[in-house]
Amino acid sequence: MRVAACSLAILVVFGPAPPVAAAATCPLNTLRALDSTITSSDSSRGLTAKGDCQPYGGSRSGGAGYNLTVGSVSAIASSDGLVCGGNAWVSTHDIFKLVGPASPSALVFTAQLQVNASGTFQNPFRQSGAGAYATLREGDSNSQSYVSGTGQPSNTTLSITVTRNVDESFDLYMDLIASTFSEPYDESARIFGTLSFTGLPAGYAVVSCQGYVSDPAVPVRATSWGKLKAIYR
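Here the structure is a predicted model, which means the values were calculated and not measured. (Residues numbered from 1 in each chain as written. Predicted model: local features only at pLDDT ≥ 70, side-chain atom pairs only at ≥ 80, totals over all residues. Heavy atoms only, no water.)

Overview of the sheet that holds strand β12 (residues 187-198)
The 6 strands are arranged β3-β4-β5-β12-β7-β10 in an open sheet whose pairing can be described as antiparallel. Across the chains shown, the open sheet's two edge strands, defined by having one partner strand only, are β3 (44-52) and β10 (154-164). Strand-to-strand, the axes of this sheet are offset by a mean angle of 10 degrees, without reference to chain direction. Note that strand β7 (residues 107-119) and β10 share 11 bridges and pair antiparallel. Paired with Ala117 across the two strands is Ser154, which belongs to β10. (Pairing = 2+ DSSP bridges. Helix = DSSP H or I, 4+ residues; strand = E, 2+ residues; numbered from the N terminus. Axes fitted to C-alpha atoms, helices over the stretch in contact; angles between N-to-C directions.)

This is the structure we're talking about:
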C-alpha cells in the first residue's frame, strides 16, 4: 500500500523515539499533512496523516518531518484515487551563529541545502501529476528555490552566501512541499533536504539554537549556546 510506505518512510528518517525538546526560546516550526497542522519549537518532530478519497474512493496520505540538530527535513505525499490529492509541508526556522577565533573582518561562507526529490512528477499528457518544492532562505530575502520537473528523480543543491562576524547571528528557514493529484492514476512525491555549510576557514563553525554544529572538530564553548538562546528571551 502506498499510504503505508509513506508513513514508514517518515519513521525511518526520524525514528520512533519521542521528539527531543528544545529550549522554549528557539523559533517555532510548522508541519502540515493533509488537513492536520502542528507548530513546535522542539528540535525534531514528525507528522503523518492518511484519509479516503471522496466521493469516488481510493486513498491519500501526507507525511512531514524535521530534525534540526542534524539539519534534515522531508515531505512525502501520495494519492491513488479518482480526483484525489495528497500533500505535506514542512517549514523550519532556526537561528545560527558563527563561532571561532576573533577575526578582523567578517567571514563569507555558504549555506547549502542538498535536495533529493523523486516521484511521478508533472505529466503534460494527462490531468494528473505530483510536485516537489524546496526553499532555503537567510533573513528576509536571501534565498534560492527548487521546483521538481517531469520524469526522473532529481538531485540539486540550493546555495546562499552568508556574511557574518564572529559571534554574530543569522536566521535560516527551510521549506519543503510535496503534493499530488491523481486522475485516475497513482501519484507520489517525495523530497528530502540536508543542511550543510562550506567555505569556513579552519577553526570556525556555525552553531544553532537547536544544537546544530557545522564542524564537530571546532571547540564550542557552553557559553556560545547560552548567548545564542538569550536572543529569543
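Quick word on the pairing of strand β5 (residues 72-79)
Of all 8 residues in β5, 8 are buried; the element is thus mostly enclosed. The pairing of strand β4 (residues 59-67) with β5 spans 8 bridges and is classified as antiparallel. Bridge pairing links Ser61 to Ser78 in β5. The hairpin formed by β4 and β5 contains 4 residues between the paired strands, and Gly71 there has a positive phi angle of roughly 75 degrees. (Buried < 20%, exposed > 50% of the residue type's maximum accessible area, 1.4 Å probe, protein only.)

Comments concerning the nonpolar core
Ranked by size, the top nonpolar core spans 41 residues in total, and within it Phe96, Leu136, Phe170, Leu172, Leu176, Ile191 and Phe197 carry the most contacts. Among the elements that make up this core, the one with the highest residue count is β7 (6 residues). (Core = buried A, V, L, I, M, F, W, Y, C linked by side-chain atoms within 4.5 Å.)

Observations concerning the side chain of Thr92
Within the secondary structure, Thr92 is located in strand β6 (residues 87-99). With residues up to four places along the chain from it excluded, the contact list for Thr92 reads Asn29, Tyr66, Leu68, Val73, Leu172, Tyr173 and Met174. (Contact = heavy atoms within 4.5 Å.)

So, a nonpolar patch on the surface
A contiguous nonpolar patch, built from Tyr56, Leu82, Val83 and Phe181 and spanning about 360 Å² of accessible area, is present on the exposed surface. Mapping Tyr56 onto the fold places it in the loop between β3 and β4. (Patch = residues over 30% accessible without salt bridge, like charges linked within 9 Å, V, L, I, M, F, W, Y side chains within 5 Å. Areas by Shrake-Rupley, 256 points an atom, 1.4 Å probe, with all protein chains shown as cover. Salt bridge = Lys/Arg side-chain N within 4 Å of Asp/Glu carboxyl O.)

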